[in-house]
Amino acid sequence: MATTLITGGTVVSATGRGAADVLIDGETIVGVLEPGSVLLGTNLAESADTVIDATGKYVIPGGIDAHTHFELPFGGTEASDTFESGTRAAAWGGTTTVIDFAVQTTGTRIQDGLARWHAKAEGNCAIDYGFHQIMGGVDEDSLKAMEGFAAEGITSYKMFMAYPGVFYSDDGQILRAMQKAADLGLLTMMHAENGPAIDVLAAQLVEQGKTDPYYHGIARAWQMEEEATHRAIMLADLTRAPLYVVHVSAKQAVQQLAWARDNGKNVFGETCPQYLYLSLEEQLGASSDEWGAFEGAKWVCSTPLRSREEGHQDHMWQALRTNDLQMVSTDHCPFCMKGQKDLGVGDFRKIPNGIGSVEHRMDLMYQGVVTGQLSLERWVELTSTTPARMFGMYGKKGVITPGADGDVVIYDPNGHTSIGVGKTHHMNMDHSAWEGFEIDGHVDTVISRGKVIVDGNRYLGAKGDGRFVKRGLSQYLI
Ligand code: DUC
Ligand code: ZN
Ligand code: ZN
């Protein structure tokens, strides 16, 4: 099988860094070696089929984005990245594994939703992929179906305390699913916002003529997130089900998670780049010749952007440092302005919720290293190692060690990346929520199971390179 040697770089893991050469044989890492190693009398640099010089660069395990929505039917339309375009964009950004959400909507069978997601993804992905299962309705059938999840390699499932009539589960349904999950060892992922109360607030705002995108964030007030997060923690505690709260944006929700963790509970949380960098004030101020105040629709997502004045963004960075939050995913859910987001002109409730970031997560989080908010090791931990452990892939993914998949990124700290539609953007969107962001650092080389798929400015991957990953149970529980 073809061998690849990465020489001269600094290998960074969640626990340390050091000069080392990395040898990949076929699809698998077989050695992390002293620089310039000679093995059985053979100089590796002369015998390897491909040698990649990583001098002055970081060699890190490929990024894992544990929260994407490709081709998600939502808000009267469908997320604009397919598995093909979305995974290719992810690869450009140094992500070598995604976990997307197979969907059961209320009134449909879970098994049918899962089969549909396999059909969408199979043969189309540039990188490896797994699925969580969205449960859009808890009833006898779906509770029974949960018993088959682990055998399918799907060891986590998501429920929604928001979106009544679409994905929403009430507290009794959540309780029943958690009881089952506790028995089966499954990880419960929660969209924690009080949907019924939000819908009332949103209707009241629209009645008052407050229809601009900014009011999306007013209706989805932080109290709605804090309350739902607390309720989810209590239900999880009662049932002894491990809980993972997705897309945390309110500092009060983080405080709930921190309290639960301090009390020894298996409660975890992720945040997303938008909650670290973007704010409600900026959304309010957004205006363009083309869209006027509707420009703010580019940043309509749920949970919503929060007020910078109230300090939510700073609190998220701090929580990442102190491990009150364990991971950063994107909740990549892209919609174009024309023909999709514009469904909500005149009524913010009709704007499809979502931001596209799958391509930029590694770069955006590296800025935390540049500003001194994160160590290099914590960057790797938040974006690769913990996602692998949390979702049962560690050993194969999330680490550079013999036996692991050859998923490796060479990151140039002296490089530069300009983000925007006409620059590095490969996502299928007519705008970028990150337009104009200038990044210190650059994803130079991306290797997926031993194959170089991004080499500088060349894309060498192909659809179908990516395989479905059957995941084990979470390796992160306390
Ligand atoms: N939030 C979003 O912004 N989009 C998709 C679903 C969700 O929960
Ligand atoms: Zn959600
Ligand atoms: Zn989501």
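Residues numbered from 1 in each chain as written. Chains lettered and ligands numbered in written order. Predicted model: local features only at pLDDT ≥ 70, side-chain atom pairs only at ≥ 80, totals over all residues. Heavy atoms only, no water.

1. So, the coordination of the zinc ion (ligand 3)
The line we're drawing: Nitrogen, oxygen and sulfur within 2.8 Å of a metal are treated as its donors, or within 3.2 Å for sodium, potassium and calcium (Na, K, Ca); water is not counted, so a site can appear incomplete. By definition, any uninterrupted DSSP run of H or I lasting at least four residues is a helix, any uninterrupted run of E lasting at least two residues is a strand, and each is numbered from the N terminus. Classification of residues uses two cut-offs on accessible area relative to the type maximum, computed with a 1.4 Å probe and protein chains only: under 20% is buried, over 50% is exposed, and between them is partly exposed.
Protein coordination of the zinc ion (ligand 3) is provided by His 67 (NE2), His 69 (NE2) and Asp 331 (OD), with donor distances spanning 2.0 to 2.2 Å. Look at where the donors of the zinc ion (ligand 3) fall in the sequence and you get H-x1-H-x261-D. Between the zinc ion (ligand 3) and the zinc ion (ligand 2), the interatomic distance is 3.8 Å. With His 69 in the loop between strand E10 (63-68) and strand E11 (73-74) and Asp 331 in the loop between strand E19 (327-328) and helix H13 (361-370), the pair connects residues that are 262 residues apart, well separated along the chain. By relative accessible area, which is 5% here, His 69 ends up buried.

2. Points about the domain arrangement of the chain
In plain terms, the rule: In this entry, domain limits derive from an automatic or database-based domain assignment. What makes two residues a contact is simply this: any of their non-hydrogen atoms within 4.5 Å. When two components associate, each loses some accessible surface as probed by a 1.4 Å sphere; the sum of these losses over both components is called the buried area. A 3.5 Å cut-off defines polar contacts: any pair of N or O atoms within that distance qualifies, except that in protein one atom must be a possible hydrogen donor and the other a possible acceptor, and neighbouring residues in sequence count only when both atoms are side-chain atoms. Any residue that is not Ala, Val, Leu, Ile, Met, Phe, Trp, Tyr, Cys, Pro, Asp, Glu, Lys or Arg is counted as polar, Gly included; the first ten are nonpolar and the last four charged.
Here the domain parsing of the chain yields domain 1 (3-60 + 405-459) and domain 2 (63-387). Here the C-alpha centroids of domain 1 and domain 2 sit 29 Å apart. Contacts between the two partners involve 42 residues from domain 1 and, on the opposite side, 45 residues from domain 2. For the domain 1 face of the interface with domain 2, the top three residues by lost area are His 426, Met 427 and Trp 434, together amounting to 19%. Where domain 1 touches domain 2, the interface holds twelve residue pairs in polar contact (both at pLDDT 80 or more). Secondary structure elements with two or more residues in the side of domain 1 that touches domain 2: strand E9 (58-61), strand E20 (408-418), strand E21 (438-448), strand E22 (451-455) and strand E23 (458-459). When its residues are assigned to classes, the side of domain 1 that touches domain 2 shows 20 nonpolar, 14 polar and eight charged.

3. Looking at helix H12 (residues 312-322)
Among all positions of H12, only His 312, Gln 313, His 315, Met 316, Trp 317, Ala 319 and Leu 320 are buried. Positive phi shows up at Asn 323, right after H12, with a value of about 65 degrees.

4. Topic: the site of ligand 1
To be explicit about the condition: Distances are taken per atom, and a residue is near a molecule or strand as soon as one of its heavy atoms is within 4 Å of it.
What surrounds ligand 1 is the set Phe 74, Lys 158, Phe 160, Tyr 163, His 191, His 247, Cys 301, Ser 302, Asp 331, Cys 333, Asn 353 and Gly 354. Looking at the shell around ligand 1 residue by residue, the classes come out as five nonpolar, five polar and two charged.

5. Some details on the coordination of the zinc ion (ligand 2)
Cut-off, in case you're wondering: Angle rules define the geometry names used: all angles between 85 and 135 degrees makes four donors tetrahedral, while opposite donors over 155 degrees apart and all other angles between 65 and 115 make four donors square planar and six octahedral, leaving every other case irregular.
All of the protein donors around the zinc ion (ligand 2) are Lys 158 (NZ), His 191 (ND1) and His 247 (NE2); their distances to the metal are 2.1 to 2.3 Å. Angles of 83 to 128 degrees at the metal separate the four donor atoms of the zinc ion (ligand 2), which places the site in the irregular class. Classification of Lys 158 as buried rests on a relative accessible area of 2%.

6. Quick word on the UniProt feature "domain: Amidohydrolase-related" (unreviewed entry) in the chain
Spelled out, the test is: UniProt positions are given in the numbering used here, feature names are shortened, and annotations may be inferred rather than shown by experiment.
UniProt marks residues 58-452 with the feature "domain: Amidohydrolase-related" (unreviewed entry), using the numbering shown here. As annotated, residues 58-452 has a helix share of 35% and a strand share of 19%, and its two end C-alpha atoms lie 16 Å apart.

7. So, the sheet that holds strand E4 (residues 21-25)
Rules: If DSSP finds at least two bridges between two strands, the strands pair. Under this scheme, a helix contributes an axis fitted over its contacting stretch, all axes are lines through C-alpha atoms, and angles between N-to-C directions fall in the 0 to 180 degree range.
Read across the sheet, four strands follow the order E5-E4-E1-E8 without closing on themselves; strand pairing throughout is mixed. Since the sheet does not close on itself, it has two edges, and those belong to strand E5 (28-33) and strand E8 (50-53), each with one partner. Between one strand and the next, the sheet's axes are offset by a mean angle of 20 degrees, whatever the strand orientation. Taken together, the four bridges between strand E1 (residues 3-7) and E8 define a ladder with parallel strand orientation. Bridge pairing in E8 links Ile 6 to Ile 52.

8. Details of the pattern of salt bridges
For the record, the criterion: Any carboxyl oxygen of Asp or Glu that lies within 4 Å of a side-chain nitrogen of Lys or Arg is treated as forming a salt bridge with it.
Summed over the entire model, instances satisfying the criterion amount to 27 salt bridges. Across the salt bridge formed by Glu 377 and Arg 17, the nearest N and O atoms sit 2.8 Å from each other. Remark: Arg 17 occurs in strand E3 (residues 17-19) and Glu 377 occurs in helix H14 (residues 376-390); sequence separation between them is 360 residues. Between Glu 290 and Lys 338 there is a salt bridge, with the nearest N and O atoms lying 3.1 Å from each other. Of this pair, Glu 290 sits in the loop between helix H11 (280-285) and H12 while Lys 338 is found in the loop between E19 and H13, placing the two residues 48 residues apart along the sequence. With respect to class, Glu 290 is no different from Lys 338; both count as exposed. A network of salt bridges, in which partner residues are shared, links Glu 27, Asp 128, Lys 397, Asp 405, Asp 407, Arg 449 and Arg 467.

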